[in-house]
Amino acid sequence: MGDTLEFNEIYQEVKGSWNDGRLRFSKQNVVYKSSKTGKVDNIPAGELNLAQWRRVCLGHGIKLATSTGHVYKYDGFRDTDFEKISEFFKANYKVELTEKDLCVKGWNWGTAKFSGPLLSFDINDSTAFEIPLSSVSQCATGKNEVTLEFHQNDDAEVSLMEVRFYVPPGQADEGQDPVEAFAQNVLSKADVIQATGDAVCIFKELQCLTPRGRYDIRIYPTFLHLHGKTFDYKIPYTTVLRLFLLPHKDQRQMFFVISLDPPIKQGQTRYHFLILLFSKEEDISLTLNMSEEDVERRFEGKLSKNMSGSLYEMVSRVMKALVNRKITVPGNFQGHSGAQCITCSYKASSGLLYPLERGFIYVHKPPVHLRFEEISCVNFARGTTTTRSFDFEIETKQGNQYTFSSIEREEYGKLFDFVNAKKLNIKNRGFKEGMKGNNDEYSDSDDDQHDAYLERMKAEGKIREEGNDSDESDAESGEYDSNASESNSSEGGDDSEEDNRKKKKAKKAKVVKERKERKPRKEKKQKDTGGPKRPMSAYMLWLNSSRERIKSENPGISVTEISKKAGEMWRQLGKDEKEEWESKAGEAKKQYDKAKKEYNESGGGSSAASKNKKKGGKKEEKKRKSAGGDKDRERGGGNDSFKSREFIETSEESSSDSDRKSKSKSKKKKKVKYLT
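First things first, this report covers the structure right here in the doc. Here the structure is a predicted model, which means the values were calculated and not measured.

Cut-offs used in this document
- Residues numbered from 1 in each chain as written.
- Predicted model: local features only at pLDDT ≥ 70, side-chain atom pairs only at ≥ 80, totals over all residues.
- Heavy atoms only, no water.
- Pairing = 2+ DSSP bridges.
- Helix = DSSP H or I, 4+ residues; strand = E, 2+ residues; numbered from the N terminus.
- Axes fitted to C-alpha atoms, helices over the stretch in contact; angles between N-to-C directions.
- Core = buried A, V, L, I, M, F, W, Y, C linked by side-chain atoms within 4.5 Å.
- Buried < 20%, exposed > 50% of the residue type's maximum accessible area, 1.4 Å probe, protein only.
- Polar contact = N/O pair within 3.5 Å; in protein donor to acceptor, adjacent residues only side chain to side chain.
- Contact = heavy atoms within 4.5 Å.
- Phe/Tyr/Trp six-rings, centres within 6.5 Å; stacked < 30°, edge-to-face > 60°.

1. Comments concerning the sheet that holds strand β11 (residues 126-132)
- What the three strands build is an open sheet, ordered β9-β10-β11; its pairing is antiparallel. The outermost strands of the open sheet, each flanked by one partner alone, are β9 (111-115) and β11. Shown here is a sheet whose adjacent strand axes are inclined to one another by a mean of 25 degrees, direction ignored.
- Relative to strand β10 (residues 118-123), β9 is paired through five bridges, and the arrangement is antiparallel. Residue Phe-114 lies in a different strand from β10, and its bridge partner there is Leu-119.

Structure follows, in C-alpha cells:
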C-alpha cells in the first residue's frame, strides 16, 4: 500500500448543501479541500481517535472525530473502498474503521445525546440523525419544548428551518429544569452570537465600500461587530475565508478585503466580501482591552497590549491574529504604469483587477475572487468600442464567464506574460504577436499614437470619394453636351450645326469603341442528343459489375455508402485486376471514336449546330431590332427639337415623292439602325 490515498468527488454537507472536493489520507494528516470555496480541513493524524464507516444517501461515508472535540463527516465513497481505507487506518493511524448502521425505523421518540459539536438522536442505541450545533442560530424554550432554529444556506434547494424537541418533565442533575439543561447544552456549542463582555478593541468611523457606509468595528474574541447608523452586522470569525490587503493604484490608499462564507445578509442582498478603504497617511495608537498576560497567552506574541502605526496595518494585524488566517497581498505582477493592478470595467462599473499568486480579485462593485484552480480558460478579446483597449475574459469550470473590459492596450503584454507564467489555458494564442507589434509601434502617448484602424478607414473613404467625383464629372459632361446640342440645333446655324455634328460623331465613335472592348458572351453549348454516348471509365465499368455484390455483402447500405465502399475496394484492387477493366475501357473508347467519326461524316453534328445557330441568330436579330426601335422612339419622342441630318433627308424625300413612301421608310429604318 502506498503512502497516500486520494479520492475525488467526495462531498461535505454544509448547512443543507453538498459541496464536493478532494480528500487525501497521508501518514501525517487527513486533508480535505472544497472545490467551491477552496477551504482546507487539515486533521493531524495524531489527533484522530474515532473512525466510523456508515451507509448514507450518497453511497458510503466516513465520520472522523478528534481528541480536540471536532467531528468531520465526508460522503461519496464506494463500497469497495472500505477494505483499503480500513487497512490504511490500521497501518498509519492505529485507529480501527468500524461499521456503524443508522436507524431507519422512522420513530420520533428516543434519546438525545450531546457529543462534542453534535446533537445525536438515538433509537435503541442506533443513531437516527445528527444535528451540527454550529448550524443552530437560535434556541427557544417553552413549557416542555425546546425549539432549534438554523442558519439558512442560499445554495441549498430545500432548507431546514427549525426542529422542536419535547422534553418530558423529570428531575435533572442538581435539581435543574430538564428543558433549561437541554437549552444550555445547545447554546454552549451553537453558533449564536451574543455580545457578552467588553470588546477587545474598537475602530471608529471606518469607511466601508461593501456594505456602503461608515461603521464602528468592534472586535470581540469570537466575532466582529459592524455598527452603523442604519444597520448592524455580526460576523463570526468561523465564516471568514480569506483576508486581502491590496494597494490602490494611486499609491495613497489601501483596500482591506474580508471574504465571507456564508455571506452577511441585508434583506435580499448578500455581501460575500467586506471591503474597507484606508488612507496610508492615517495613523492610530491602539490599546487592547486585555491584560498583558492574557494578550501573551491568547495571541502568542502576534499582538501586544499597546500598538501604534498606520490604521490599515493595525486592523489587518488584529484580524490576522483573531481569525488565524494569512493575509494575501499582490505578488510580483506590475502593470504598464508600475502599479500592481489593472484598471478595467466589470458589469458597467469601473474598478481594479489584481493578479495574485493564486488567483484574480476585482474590487469593488461587485467584488469577484477567482482562484486559478477553478479557471477553465482565459481569452483576450478585441475592445468593442475602440482599438485602444481590449477585454479580458475568464471562463470557470462551472461554465460561468467573467468579462473585464476597457483594459488599456499597454497592459496587454504584462498581463499575457503573467497568465502564461501561471500556465493558464489561453484560447487565442496567436493574438499576442499582433498586439505586441502594435505596442512596439505605438509606444508614445495617446495623442501621438498612430491609429491603424483610423488610417484604414480614411483611405477607404478617400477611395470612395474619388470614385464618386469621377462618376459625377462624367454625368455633368454628358449633360452639358446634350444641352449644347439642343440649343445649337434650335438656332439652325450652319456652323453650329456642323460643329455639333462633329462632336456627336466623335462621341458616338467613342461609345462604339467602348462597346467593342466588351467581351462577347459565351454561347451555351447545345447538347447533341443524337450523337453516340461517351464511354465509361474503368472504375465505372467495374462499379456497374460489382454493385449488386456490394449490396448483398452489406444489406441496408445507402447509395452514398455504396459509392464510398466501392472507392475503398477499387483502391485495394491489384494492378492485374485493374488492367483488365482498363483494357475494357480502352476498347469502349475506340468504339466511341469510330461511331463519333461516322456520325460527324453523316452530317449529324453540323446540322444540329446550324439549327441552333439559326435559332440563336433570329433571336439576336429580334433583340437588336427591338433595341433600335426603342432608342429611335426615345430620340423622337423625348426631344422634339433635336433632329439628325439623316432624319431630315429622309423626311424631305418622303414629302417630295409620295409614291416612294415605303422605300423611304426602309431607308429611315436602316439609317436609324446605323446610328445605334
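2. Here we look at the nonpolar core
- Phe-203, Ile-219, Leu-224 and Met-319 are the most contacted members of the largest nonpolar core, which has 41 residues in total.
- Considering each element in turn, this core owes the most residues, nine residues, to helix α4 (residues 311-323).
- Val-378, Phe-380, Ile-407 and Phe-418 belong to the second largest nonpolar core, which has 26 residues in total.

3. Quick word on the side chain of Arg-371
- Within the fold, Arg-371 resides in strand β28 (residues 368-371).
- Judged by relative accessible area, which is 7%, Arg-371 ranks as buried.
- One polar contact links Arg-371 to Glu-373, side chain to side chain, over a distance of 2.3 Å.
- Excluding its chain neighbours within four sequence positions, the residues that come into contact with Arg-371 are Ser-35, Lys-36, Thr-37, Gly-38, Arg-242, Arg-358 and Gly-359.

4. A word on the sheet that holds strand β14 (residues 162-166)
- As summarised here, the arrangement of the three strands in space is β12-β13-β14, forming an open sheet in which the pairing is antiparallel. A single partner strand is all that each edge strand has here, and the edge strands are β12 (136-141) and β14. Strand-to-strand twist of the sheet, defined as the mean angle between neighbouring strand axes without regard to direction, takes the value 15 degrees.
- Pairing analysis gives five bridges linking strand β13 (residues 145-150) to β14, with the strands arranged antiparallel. Across the sheet, Glu-149 pairs through a bridge with Glu-162, a residue of β14.
- This element, helix α2 (residues 178-189), spans β12, β13 and β14 of the sheet and lies at about 170 degrees to β12.

5. Regarding the packing of aromatic side chains
- Evaluated as defined, the whole model comprises 34 aromatic pairs.
- A centroid spacing of 5.6 Å and a plane angle of 70 degrees characterise the contact between Tyr-346 and Tyr-362, whose relative ring orientation is edge-to-face. Of the two residues, Tyr-346 is situated in strand β25 (residues 342-346) and Tyr-362 in strand β27 (residues 359-363); the sequence distance between them amounts to 16 residues. Tyr-362 matches Tyr-346 in its accessibility class, with the two residues each being buried.
- Between the aromatic rings of Trp-542 and Trp-570, the centroid separation amounts to 5.5 Å while the plane-to-plane angle is 50 degrees, which identifies the pairing as tilted. In this pair, Trp-542 sits in helix α9 (residues 538-553) while Trp-570 sits in helix α10 (residues 559-572), placing the two residues 28 residues apart along the sequence.
- With relative accessibility at 4%, the residue Trp-542 sits in the buried group.
- An aromatic cluster of three or more residues is present, and its members are Phe-333, Phe-360, Phe-372, Phe-380, Phe-390, Phe-392, Tyr-412, Phe-416 and Phe-418.

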